[in-house]
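# An overview of the molecular structure
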Amino acid sequence: MRLVLASAIAIQAFAFAPALHAAGGGGANPPKPTNTTKKCLFGRVYDKDRGRCVKPDKTNFTQDELYSAARELAYDGQFENAQDVLRVMDQSDDRVLTYWGFTYRKMGELELANVFYENAIKANPDNILARSYMAQGFVAEGRTDLAIEQWREIKARGGDGTWAEASLREAIRTGLTYSY
């Protein structure tokens, strides 16, 4: 019952939060499934020009297209497949580092996830999505003090009212973390 009530409160909070995209591409909603998650297997990405699934390094996908595919796979719970896409991307891109962290956090590798989040933040201190995801890992570990530090950083960096800030605020308040 508590989980249902907390979920209802969280849904209400997000209904009024702006659907802004945080640095790193996170938004108020998970990505919509495309043929990449509906049809492709083994870390392949759907190439609409070819009309089939291809290895992410075997076509002319842009970094943004690969990022969208990795994000979609990660939110679908296909963490290893998302990592297959991340491997062929620019490893200095803070969005890529953020999603390495996200996938490792979801796989239960919190220390490794935090290394990637910290590198994402070092590359772009205003990456509020990396800060939010890292702090949600802190909440899951019961390290609320560290989560609150990141929440304050997000607000100080202009993230007040964004999905990254609102979801972290709710996670700190309820102890429940979010998958997107």
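Above: the structure in question.
What this report covers is the structure whose coordinates are included nearby. (Residues numbered from 1 in each chain as written. Predicted model: local features only at pLDDT ≥ 70, side-chain atom pairs only at ≥ 80, totals over all residues. Heavy atoms only, no water.)

### Examining the layout of surface pockets
A volume near 480 Å³ is recorded for the largest pocket. Looking at which element gives the most residues to the lining of the largest pocket, the answer is helix 3 (residues 63–75), with six residues. Of the residues belonging to the lining of the largest pocket, the class tally is six nonpolar, seven polar and seven charged. (1 Å grid on protein atoms, 1.4 Å probe; cavity = no way out; pocket = protein on both sides within 12 Å on 5 of 7 lines; lining within 4 Å. Points joined across faces, edges and corners; volume = space filled by probe spheres on them. Helix = DSSP H or I, 4+ residues; strand = E, 2+ residues; numbered from the N terminus. Nonpolar A, V, L, I, M, F, W, Y, C, P; charged D, E, K, R; others polar.)

### Structural notes on the state of the cysteines
By the definition in use, this model includes one disulfide. The disulfide partner of Cys-40 is Cys-53, and the S-S distance across this bridge is 2.1 Å. Note on the Cys-40 and Cys-53 pair: the S-S dihedral is about -90 degrees, so by sign convention the disulfide is left-handed. Here Cys-40 is found in the loop between helix 2 (35–38) and strand 1 (45–47), whereas its partner Cys-53 is found in strand 2 (residues 52–54), with 13 residues between them in sequence. An identical accessibility class is assigned to Cys-40 and Cys-53; each is buried. (Disulfide = S-S within 2.5 Å. Buried < 20%, exposed > 50% of the residue type's maximum accessible area, 1.4 Å probe, protein only.)

### As for the packing of aromatic side chains
Applying the stated criterion to the full structure yields eleven aromatic pairs. On the numbers, 5.6 Å between centres and 20 degrees between planes, the contact of Trp-100 with Phe-116 is stacked. Of this pair, Trp-100 sits in helix 5 (residues 94–106) while Phe-116 is found in helix 6 (residues 110–123), placing the two residues 16 residues apart along the sequence. Judged by its relative accessible area of 6%, Trp-100 is buried. Between the aromatic rings of Phe-102 and Tyr-133, the centroid separation amounts to 4.9 Å while the plane-to-plane angle is 50 degrees, which identifies the pairing as tilted. Taken together, the positions of Phe-102 in helix 5 and Tyr-133 in helix 7 (residues 128–141) put the pair 31 residues apart, joining distant regions of the chain. For the pair shown, Phe-102 and Tyr-133 are each scored as buried. Among the aromatic residues, those joined into a cluster by ring pairs are Tyr-67, Tyr-75, Tyr-99, Phe-102, Tyr-117, Tyr-133 and Trp-163. In this structure, Arg-95 packs its charged tip against the face of Tyr-67, placed 4.2 Å from the ring centre. (Phe/Tyr/Trp six-rings, centres within 6.5 Å; stacked < 30°, edge-to-face > 60°. Lys NZ or Arg CZ within 6 Å of the ring centre and 35° of its normal.)

### Some thoughts on the packing of helix 5 against helix 6
Between two packed helices, both the angle of their axes relative to each other and the distance between the axes serve to describe the pair. The interhelical angle for the contact between helix 5 and helix 6, taken along N-to-C directions, is 165 degrees, at an axis separation of 8 Å. Here helix 6 runs roughly antiparallel to helix 5, going by the angle between their axes. Seen from above, helix 5 lies across helix 6 with left-handed handedness. Between helix 5 and helix 6, the contacting residues are Asp-94, Leu-97, Thr-98, Trp-100, Gly-101, Phe-102, Tyr-104 and Arg-105 on the first element and Leu-110, Leu-112, Ala-113, Phe-116, Tyr-117, Asn-119, Ala-120 and Ala-123 on the second. When the residues that make up the contact of helix 5 with helix 6 are grouped by side-chain class, the tally is eleven nonpolar, three polar and two charged. (Axes fitted to C-alpha atoms, helices over the stretch in contact; angles between N-to-C directions. Parallel < 35°, antiparallel > 145°, perpendicular 65-115°, else oblique. Left-handed = near helix turned anticlockwise from the far one by under 90°. Contact = heavy atoms within 4.5 Å.)

### Details of the packing of helix 3 against helix 4 (residues 79–87)
Running from N to C, helix 3 and helix 4 cross one another at 165 degrees; their axes reach a closest spacing of 7 Å. As summarised for this structure, helix 3 and helix 4 are arranged roughly antiparallel, according to the angle between their axes. Along this stretch, helix 3 crosses helix 4, giving a crossing that reads as left-handed. Contact with helix 3, carried on its side by Leu-66, Ala-70, Leu-73 and Ala-74, involves Phe-79, Asn-81, Ala-82, Val-85 and Leu-86 of helix 4 and no other residues of that element. Among the residues making up the contact of helix 3 with helix 4, the classes are represented as eight nonpolar, one polar and no charged.

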